[in-house]
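# Fold and contact review
This is what each chain is made of:
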Amino acid sequence: MSHITLAQQGLAAAEARDWDGAITKLSKALQSSQNPAWLLARSKALVNLHRYDEALDDANLAWHTAYDRNKRPLMIDANYRRAVAYFRQGKLADADACCLYAMRLIKGAPAILTAMEKLPADDPARTATVPAKPEEKKLADLSSTVEETKPAASSTTTTTTATPTTTQVPAAKPVVSSDTPLRLQEFQTTTTMSVSIFSKGVNKEKLKVDFQPSSVHLNSVIYPSGDERAFQLDLWGEIDTTVSKYTVTPNKVELTLVKKTSGKWAQLKSDGKPKQPAAPIATPAAPAAATEAATTSDAKPAAASTAGPAYPSSSRTGPKNWDQLDVGEDGKDDDEGNDINFFFKKMYKGATPEQQRAMMKSFTESNGTSLSTDWNDVKDRKVETVPPEGVQARKWE
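Basis of the calculations
Along each chain, the written sequence defines residue order, and numbers are assigned to residues from 1. At least 70 in pLDDT is required for a residue's local features to be given in this predicted model, at least 80 for side-chain atom pairs to be given and counted, and no such filter applies to totals for whole chains, interfaces and linings, which use all residues. With hydrogens and water stripped out, all remaining heavy atoms of the structure feed into the side-chain values. UniProt positions are given in the numbering used here, feature names are shortened, and annotations may be inferred rather than shown by experiment. Strands pair, by our definition, only if DSSP identifies at least two bridges between them. The helix count covers DSSP runs of H or I at least four residues long, the strand count covers runs of E at least two residues long, and both are numbered beginning at the N terminus. Under this scheme, a helix contributes an axis fitted over its contacting stretch, all axes are lines through C-alpha atoms, and angles between N-to-C directions fall in the 0 to 180 degree range. Here the word oblique covers every angle except those under 35 degrees (roughly parallel), over 145 (roughly antiparallel) and from 65 to 115 (roughly perpendicular). It is the rotation of the near helix from the far one that decides the hand of a crossing: anticlockwise by less than a right angle makes it left-handed, clockwise makes it right-handed. Any two residues having at least one pair of non-hydrogen atoms within 4.5 Å are treated as being in contact. Gly falls in the polar group here, along with every residue not listed as nonpolar (Ala, Val, Leu, Ile, Met, Phe, Trp, Tyr, Cys, Pro) or charged (Asp, Glu, Lys, Arg). Only protein chains enter the area calculation, which uses a 1.4 Å probe; residues under 20% of their type maximum are buried, those over 50% are exposed, and those in between are partly exposed.

As recorded by an unreviewed UniProt entry, the protein chain carries the name CS domain-containing protein and is attributed to Cordyceps confragosa. According to the UniProt record, the Sequence similarities (unreviewed entry) comment for the protein chain reads "Belongs to the SGT1 family."

Next up, the structure:
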């Protein structure tokens, strides 16, 4: 009889609540293949025979084999069976933790062990000690204990010999090294540095983020290997710790770092060298031909086709060509007596082409009430008009 047939008979016995028969059949099948579904069925049978330690070992091993085969539903079931085993052992906090691990995998409704609420505040069963990644043990040999609990089974059990099988076993998932670093992604403007730290399953209630002038310390995040430990990010420049902030999503931690001094950072991380001032925004020099024309007394006005584009403006005089503003030595726009358009010109010229498109689209579509430099945010949607508080937007026909 093949191990597949034995496993099927064992699963059928478990469904029929024949716990001894299920353990006998499944134990033989597991000698040939440590299928996580068979381990879970045997764990269930062991729980019903009050053999909780062995049931927990099977549930833990089922988690590892399901992980190696990339079987997320079976990992969820394994955490549930771990919770059942811990609950029967009276370790309520550990059982609750396993329920939480299962919830993180399925992103479903919470599971609460109400029995823990009845325990005294100082009861050891309230303290969770079980890790998210269970201890891996070898497959337990239950042949001797099965014969002891059910002597008659040995006389009726058919002896089989192992035969070659052509069953294809999925390749084991490579084990991620514990020193594999977290993946980072950054995006910066002249005033902020946005950093995405890709870490799945971070508990936002427990996460502590400490902003320092030249670093950020997170305690703690989950690394690609599954280990949970602290992460230190040493920065190239200095930040304002009072206004920098963070958010936690299911797949990452997002940092919004406000630069202490406006300008571009050469990189995100510190290189260990003394800090350098942030690079100021460079305003492109005027073309030589335009400079020469400006200094020639008989220069003719430029043709309409060579004039710079008219960028959106909230000025009452209508759109402005920010490339042609007359900016005096004091840095102000002499055209209107204030520096708001000079600010927009400076920001626009210091932006990338993608940021410039985002500025044009957001400012135009929002009727001058919003200005975004994030093209990925605005490219696929219409930027709505958001008037100031107390002001009502109206459509002019």
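### Focus: the sheet that holds strand E6 (residues 245-248)
With respect to topology, four strands assemble into an open sheet ordered E1-E2-E7-E6, the strand pairing being antiparallel. Each edge of the open sheet is held by one strand with a lone partner, namely strand E1 (183-188) and E6. Here the strands of the sheet are splayed against their neighbours by 15 degrees on average, with no regard to which way each runs. Direction of pairing for strand E2 (residues 192-198) relative to strand E7 (residues 252-258): antiparallel, over a ladder of seven bridges. Looking at E7, one finds that Met 193 is bridged to Leu 257.

### Examining the packing of helix H5 (residues 72-89) against helix H6 (residues 92-106)
Two elements in contact, H5 and H6, have axes whose closest approach is 7 Å; the angle formed by their N-to-C orientations is 165 degrees. On the basis of the axis angle, H5 is roughly antiparallel to H6. When the axes of H5 and H6 are compared, the crossing they make is left-handed. Counted together, Arg 72, Met 75, Ile 76, Asn 79, Arg 82, Ala 83, Tyr 86 and Phe 87 of H5 and Leu 92, Asp 94, Ala 95, Cys 98, Cys 99, Tyr 101, Ala 102, Arg 104, Leu 105 and Ile 106 of H6 form the full contact between these two elements. Taken together, the residues of the contact of H5 with H6 break down into 13 nonpolar, one polar and four charged.

### Describing the pairing of E7
For a regular strand, side-chain orientation follows a simple rule: the groups alternate between the two sheet faces. Going residue by residue along E7, you find Val 253, Leu 255 and Leu 257 tucked away on one face and Lys 252, Glu 254, Thr 256 and Val 258 left uncovered on the opposite face. For E6 and E7, the ladder comprises four bridges, and the chain directions are antiparallel. Bridge assignment links Lys 245 to a residue of E7, and that residue is Thr 256.

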